[in-house]
Amino acid sequence: MVAADVGLVAPPSRYVLSEENRPTTVAQQAKLVIPIVDASRVAMPDDVEEAAKLRSALQSWGLFVVTGHGMPKEFLDEILEATRKFFHLPLEEKQKCGNVIDGVKFQNEGYGIDRIDSDEQILDWDLLHEYTLESGRVTMDVLKAMAKLLNQEEGFFINMVGERFKSYSRFTYYPPCPRPDLVNGLKPHTDKSVITLLLMDKDVGGFQVLKDGHWVDVPMLGNDLLVVVGEGMEIVSNAIFKAPWHRVVTSADKERLSLAMFYQPEPERIIGPSGMLVHEKRPAMFKNSLVQTLADGYWDAFAAGGRTVDFLNVRINAEADAELEGCAVVANN
Ligand SMILES: O=C(O)CCC(=O)C(=O)O
Ligand SMILES: [Fe+2]
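Report follows, based on the coordinates.

Definitions and cut-offs
Throughout this document, residue positions are counted from 1 along each chain, in the order its sequence is written. Written order determines the labels here, with chains lettered from A and ligands numbered from 1. Where totals are concerned, whole chains, interfaces and linings use all residues; where local detail is concerned, this predicted model gives features only for residues with pLDDT of at least 70, and gives and counts side-chain atom pairs only at 80 or more. Side-chain metrics in this entry use all non-hydrogen atoms of the structure; hydrogen atoms and water are not considered. A run of H or I in DSSP counts as a helix once it spans at least four residues, and a run of E counts as a strand once it spans at least two, with each numbered from the N terminus. Buried means the residue's accessible area, taken with a 1.4 Å probe over protein chains only, is under 20% of the maximum for its type, while exposed means over 50%, and partly exposed covers the values in between. A contact between two residues is defined here by any heavy atoms of the two lying within 4.5 Å. For the area figures, the Shrake-Rupley method with a 1.4 Å probe applies, and any residue is considered shielded solely by the protein chains shown. Note on pairing: DSSP must find at least two bridges between two strands before they are called paired. All axes are obtained by fitting lines to C-alpha atoms, using only the stretch in contact for helices, and the reported angles, taken between N-to-C directions, cover 0 to 180 degrees. A helix is expected to reach a length of 1.5 Å times the quantity of its residues less one. The term salt bridge refers to a side-chain nitrogen of Lys or Arg lying within 4 Å of a carboxyl oxygen of Asp or Glu. To be clear, the arc concerns the directions from the helix axis to the C-beta atoms. Only a single heavy atom is needed: when it lies within 4 Å of a molecule or strand, its residue is near that molecule or strand. Each polar contact in these results corresponds to two N or O atoms within 3.5 Å; when the atoms are within protein, one needs to be able to donate a hydrogen and the other to accept it, and residues that are neighboring in sequence are counted only if both atoms are side-chain atoms. Residues are grouped as follows: Ala, Val, Leu, Ile, Met, Phe, Trp, Tyr, Cys and Pro are nonpolar; Asp, Glu, Lys and Arg are charged; all remaining types, including Gly, are polar. For this analysis, a ring pair means two rings from Phe, Tyr or Trp (six-membered ring only for Trp) whose centres lie within 6.5 Å, classed as stacked if their planes differ by under 30 degrees, edge-to-face if by over 60, and tilted for the remaining angles. Our definition puts a charge over a ring when NZ of Lys or CZ of Arg is within 6 Å of the ring centre and also within 35 degrees of the ring normal. Each angle gets one of four labels, with under 35 degrees taken as roughly parallel, over 145 as roughly antiparallel, 65 to 115 as roughly perpendicular, and the rest as oblique.

### A short note on the overall build of the chain
In step 1: What the chain contains, in helices and strands, is 11 helices and 14 strands.
In step 2: A buried classification covers 51% of the 333 residues belonging to the chain.
In step 3: Contacts spanning at least 24 positions in sequence make up 76% of the contacts within the chain whose residues lie at least 6 apart.
In step 4: As presented, the chain carries roughly 15800 Å² of accessible surface, and 54% of it is formed by carbon and sulfur atoms.

Here you go:
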């Protein structure tokens, strides 16, 4: 690109990050391999080897690639294709299902910045419904396996968050950006969910996770999904499982899609560290909070570039944030 072109294709200035917050070259790629867990194996009661992989993935990353989830390639392709079709509709069509009512009131469902959902007519309801069921099954298996890692009965986390706990789907479209070095696709954040299950674009990468103070690329996963621990899990597990910081960087010439399913506790529940995981050597790391309060605080925390537990002063003990020490990118954001 010649210098004169840069001005023409540069992103609008309000998207351009200050120098210290720009996506930097990703470090230490060669030595790092994102952990992989087989969902069908981890659901087996006696698969000690797979349970050990899950433990190590959670301890060192807070996320992992999930294989063996049983969803056929054609099914996942169909979902991504329907999502793409929706985002390619003219703006007026997409705005018919906008997430702002009467130009003011922001609602959870709809098309818009930050919170994006599907138009059921385009991304047909049956398809999304089936995906919700399938991904719910995978998530339940993961939650059961996580409970067993802590020597608790299978339903430990599921009961804590409530059997009616909710899944929100968020479809995100990242247009190509001529200067990926200057902007975020999605800024650094932790999820507020208990668990997030992510179906990512098969052709365009961009997801990065903060590991030991460095941003690390999560490669494209094909038919595999990504499980990400959220702040809800961090709270109920008394910070034994921690929510990783992650972000998305853009591509100069390709659009990117993702579909995130966020599993969240029933809004009227109070959540806090489980009594089973609080003891003399490990006091409670968080106060109890109403789920709805955490949910409401999330977007303010996101806007401020922080975590909900910190933004709402839910954290009692600083230990849970050790990973972030020395990371200017997030601290300054
Ligand atoms: O688009 C992605 O791959 C990640 C999305 C994400 O992290 C989120 O929606 O919370
Ligand atoms: Fe996220």
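Picking up where we left off.
### Things to note about the sheet that holds strand 5 (residues 166-174)
In step 1: Strand order in the open sheet formed by 6 strands is 1-2-10-7-12-5, and the pairing between neighbours is mixed. The open sheet has two free edges, formed respectively by strand 1 (36-38) and strand 5, since each of these has just one partner strand. Taking the axes of each pair of neighbouring strands and ignoring which way they run, one obtains an average angle of 25° across the sheet.
In step 2: Relative to strand 2 (residues 63-67), strand 1 runs parallel, the two being bridged by 3 bridges. Within the sheet, the bridge partner assigned to Ile36 lies in strand 2 and is Val65.
In step 3: Sitting on the sheet, helix 3 (residues 48-60) touches strand 1, strand 2 and strand 10 (225-229), and the angle it makes with strand 1 is about 145°.

### Regarding helix 4 (residues 73-87)
In step 1: Its 15 residues give helix 4 an end-to-end C-alpha distance of 21 Å, which sits within 8% of 21 Å, the value for a rise of 1.5 Å per residue.
In step 2: Buried residues of helix 4: Phe75, Leu76, Ile79, Leu80, Ala82, Thr83, Arg84, Phe86 and Phe87, and no others.
In step 3: Contacts from the buried residues of helix 4 go to helix 5 (91-95), helix 6 (125-149), strand 5, strand 7 (195-200) and strand 12 (256-264).

### Digging into the environment of Asp253
In step 1: Positionally, Asp253 belongs in the loop between strand 11 (246-248) and strand 12.
In step 2: Separated by 78 residues in sequence, Asp253 and Pro175 have C-alpha atoms that sit 8.6 Å apart.

### Section: the pattern of salt bridges
In step 1: Applying the stated criterion to the full structure yields 16 salt bridges.
In step 2: The partner of Arg41 in a salt bridge is Glu50, with the nearest N and O atoms 3.4 Å apart.
In step 3: Arg41 sits in the partly exposed class, given a relative accessible area of 27%.
In step 4: Residue classification places Glu50 among the buried residues on the basis of a relative accessible area of 1%.
In step 5: Overlapping salt bridges, with partners in common, bring together Arg41, Asp47, Glu49, Glu50 and Lys53 in one network.

### Section: helix 3
In step 1: Under the 1.5 Å per step criterion, the end-to-end length of helix 3 is 18 Å for 13 residues, consistent within 8% with the ideal 18 Å.
In step 2: Looking only at helix 3, the buried set comprises Glu50, Leu54, Ala57 and Leu58. Viewed along the axis of helix 3, the buried residues span an arc of 95°, placing them on a single side of the element. Among the exposed residues of helix 3, those oriented more than 90 degrees off its buried face are Val48, Glu49 and Gln59.
In step 3: Where helix 3 is buried, its residues contact strand 1, helix 2 (39-42), strand 2, helix 6 and strand 10.
In step 4: After helix 3 finishes, the residue Gly62 shows a positive phi value of roughly 75°.

### Notes on the site of ligand 1
In step 1: The environment of ligand 1 is formed by 13 residues, the closest being Arg170, Tyr174, His189, Arg256 and Ser258.
In step 2: Ser258 is positioned such that a nitrogen or oxygen atom in its side chain is 2.6 Å from an oxygen atom of ligand 1.
In step 3: Within the complex, 99% of the 290 Å² of free accessible area of ligand 1 lies under protein.
In step 4: Breaking the shell around ligand 1 down by element, the ones donating at least two residues are strand 5, strand 6 (186-189), strand 7, strand 11 and strand 12.
In step 5: At 3 residues, strand 12 tops the list of elements feeding residues into the shell around ligand 1.
In step 6: For the shell around ligand 1, the residue count by class is 7 nonpolar, 3 polar and 3 charged.

### Remarks on the environment of Asp217
In step 1: Turning to its location among the elements, Asp217 is positioned in strand 9 (residues 214-217).
In step 2: Side chain to side chain, Asp217 and Gln208 meet in a polar contact 3.2 Å long.

### Regarding the packing of aromatic side chains
In step 1: For the structure on display, the rule yields 8 aromatic pairs.
In step 2: Between the aromatic rings of Phe86 and Phe87, the centroid separation amounts to 5.2 Å while the plane-to-plane angle is 70°, which identifies the pairing as edge-to-face.
In step 3: Aromatic side chains Tyr298 and Trp299 sit 5.1 Å apart centroid to centroid with 85° between the ring planes, which places their arrangement in the edge-to-face category. When sorted by exposure, Tyr298 lands in the same class as Trp299, which is buried.
In step 4: Three or more aromatic residues joined by ring pairs form one cluster here, namely Phe86, Phe87 and Tyr173.
In step 5: In this structure, Lys187 packs its charged tip against the face of Phe302, placed 5.2 Å from the ring centre.
In step 6: For Lys211, the ring lying beneath its charged end belongs to Trp61, and the centroid distance is 5.1 Å.

### Re the packing of helix 3 against helix 6
In step 1: At their nearest, the axes of helix 3 and helix 6 sit 10 Å apart, and the two run at 90° to each other. Comparing the axis directions of helix 3 and helix 6 gives the class roughly perpendicular. Between helix 3, through Ala51, Leu54, Arg55 and Leu58, and helix 6, the contact on the second element is made entirely by Ala145, Met146 and Leu149.
In step 2: Counted by class, the contact of helix 3 with helix 6 contains 6 nonpolar, no polar and 1 charged residues.

Keep in mind these numbers describe shape, not what the thing actually does.
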